[in-house]
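# Examination of the molecular architecture
Here is what each chain is made of, one letter per residue.
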Amino acid sequence: MKRTPEHEDRASEELARFLRETGALTPAWAETLRAVPRALFLPDLVWSHDMATGRSVPVSRTDDPVAWEHAAYANVPLVTQWDDGRHTGVQPGTVPTSSASMPSVVFSMLRDLDVSDAMRVLEVGTGTGWNAGLLAHRLGSGRVVSIEIDAAVAEQARAGFERAGLSPEVVHGDGQEGWSARAPYDRVIVTAGVRAISPRWLEQTRPGGIILAPWGTHYTDQDALVRLSVREDGSASGPFLRMVEFMKLRDQRLDWSRFHDYVSEFPGEAEVSRTSVTLADLGDRYETVRFVTGLCVAGCAHVVNRSDKGTGKAWFFDLASRSWAAVEFGSSTPDAVVYQSGPRRLWDEVEQALKWWMDQGRPRLDRFGLTIAPDGTCHPWFERPTQPLPFG
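Position labels on residues start from 1 in each chain and follow its written sequence. Restriction of local features to residues with pLDDT of at least 70 applies here, the model being predicted, together with a cutoff of 80 or more for giving and counting side-chain atom pairs; totals for whole chains, interfaces and linings are based on all residues. Working from all heavy atoms in the structure, the side-chain values ignore hydrogens and water.

### What to know about the sheet that holds strand β11 (residues 236-244)
Reading across the sheet, the nine strands line up as β7-β6-β5-β8-β9-β10-β11-β17-β18 and stay open at both edges, with mixed pairing between neighbours. The open sheet terminates on both sides in strands that have one partner only, identified here as β7 (169-172) and β18 (378-382). Ignoring strand direction, the axes of neighbouring strands in this sheet form an average angle of 20°. Residues count as neighbours in contact if any of their non-hydrogen atoms are within 4.5 Å of one another. Angular values range over 0 to 180 degrees, each being the angle between N-to-C directions of two axes fitted as lines to C-alpha atoms, with helices fitted over their stretch in contact. The way it works is that DSSP assigns letters per residue, a run of H or I at least four long becomes a helix, a run of E at least two long becomes a strand, and they are numbered from the N terminus. Set on the sheet, helix α8 (residues 288-296) makes contact with β9 (205-215), β10 (223-230), β11, β17 (368-372) and β18; between it and β11 the angle comes to about 145°. We call two strands paired when DSSP finds no fewer than two bridges between them.

Written out as structure tokens, the structure is:
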């Protein structure tokens, strides 16, 4: 079946209706969605990503234009690059490294960014260019700067802007450095998962301005959207809004190979104990408890190797020393076996954090927040900026 402009209009309106019903699309952005469709910014080959299964399916505009258009107007993330551009071919690569985010995520973040006429915006992570294109349509191209570390991705975004009749400034460079030539900015929006807030972003945002970023710790691959208000003294503070999932900023990805020689033999001379904590207590993919544990147990990475019937082994690694811990969760015994090695007792810290979170009544994510010092140092807090976490 050949697609027509009427089909595209219908698909666009269906997407807009869905976004309005979910609260992601506000009236201020409705005309921009119609004027700047995501399809203008997509390459001919994309991979439609299923959030539930983690599978990515190739969709070719050349081979199946109907399926490609459906993907372009669907509320699904689309991978547009694998393995930092080294991947070739149709089948998925190893690590997705650039994408077009779900429209609901894009417009929810634009809603939270809270822009108004005459504001200047810096975007970190151009990707396909759709997000910067939406901002350029709303504010004017001269008020939007977007930084992209990958030259090929930046060039593809420029092509998308040309198709859309827009011309925001695209900088090929390291987004952590910001872009001082156009500072100060009223808003900074980061469209990659980060593990540190760059001091350059603070310096280049005016007092009272907003930095919106998906932030997390190396404890998990989780990101939580944080909305930081920049203060007169150059610091910034604000609450977490909700869980999101983004590809990580390239320089802030965790290299798991660094832990390969932590455990020469298992369990070796590790201290052995037991715990009543269950595997379920550690939390699953999007659960708040995992994110909060990462806030409380600073400088720690963890991974869980699960098997059937609720059994598995959780590993914990210190990022600064060679301390490690492992917990074996079985199905036949009420307590799990704990192994800890090195000067830092990582499991003891994790157990303490879990107990604290439960004692507080299992608080939701939006009761936590971050304060960022001018040098970029992060200080998590609970309930209010003047109430730091008791540990972490």
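### Details of the side chain of Gln340
With respect to the helices and strands, Gln340 occurs in strand β16 (residues 336-341). Taking the relative accessible area as the measure of exposure, Gln340 reaches 2% and is therefore buried. Side-chain polar atoms of Gln340 contact the side chain of Asp348, separated by 3.1 Å. Discounting residues that sit within four places of it in the chain, Gln340 has contacts with Ala270, Glu271, Trp324, Ala325, Arg345, Leu346, Trp347 and Asp348. Working definition: with a 1.4 Å probe on protein chains only, accessible area under 20% of the residue-type maximum means buried, over 50% means exposed, and in between means partly exposed. Counted as a polar contact is a pair of N or O atoms within 3.5 Å, where, for protein atoms, one must be capable of donating a hydrogen and the other of accepting one, and residues adjacent in sequence contribute only when both atoms are in side chains.

### Overview of helix α9 (residues 346-359)
For an α-helix the count is 3.6 residues per turn, leaving residues at separations of three or four pointing the same way. Helix span is expected to be 1.5 Å times the residue number reduced by one. Taking 1.5 Å per residue, 14 residues should reach 20 Å; α9 reaches 20 Å between its end C-alpha atoms and fits that length. By the burial criterion, the buried members of α9 are Leu346, Trp347, Val350, Ala353, Leu354, Trp356 and Trp357. The positive-phi residue at the C-terminal boundary of α9 is Gly361, with phi of around 90°.

### As for unusual backbone geometry
For the bond from Ala183 to Pro184, the omega torsion is 5°, close enough to zero to count as cis. Along the chain, Pro184 turns up in the loop between β7 and β8 (185-190). The linkage connecting Phe266 with the following residue, Pro267, adopts the cis geometry, with an omega of 0°. With a phi angle near 55°, Arg362 is a residue other than glycine that sits in the positive phi range. Structurally, the position occupied by Arg362 is in the loop between α9 and β17. Of note, Glu383 is a non-glycine position whose phi angle comes to about 75°, a positive value. Mapped onto the secondary structure, Glu383 falls in the segment after β18. By relative accessible area, which is 34% here, Glu383 ends up partly exposed.

### Here's the deal with the packing of aromatic side chains
In this scheme Phe, Tyr and Trp rings, the latter by its six-membered ring, pair at centre separations within 6.5 Å, and the angle between planes marks the pair as stacked below 30 degrees, edge-to-face above 60, and tilted otherwise. By the definition in use, this model includes 22 aromatic pairs. Here a set of aromatic residues connected by ring pairs shows up, and it is made of Trp256, Phe259, Tyr262, Phe266, Trp315, Phe317, Trp324 and Tyr339. Only when the NZ atom of a Lys or the CZ atom of an Arg is both within 6 Å of the ring centre and within 35 degrees of the ring normal do we say a charge sits over the ring. Across from the ring centre of Trp29, 4.8 Å away, lies the NZ or CZ of Arg138, which sits over that ring. The side chain of Lys313 reaches across the aromatic face of Phe266, ending 4.0 Å from its centre.

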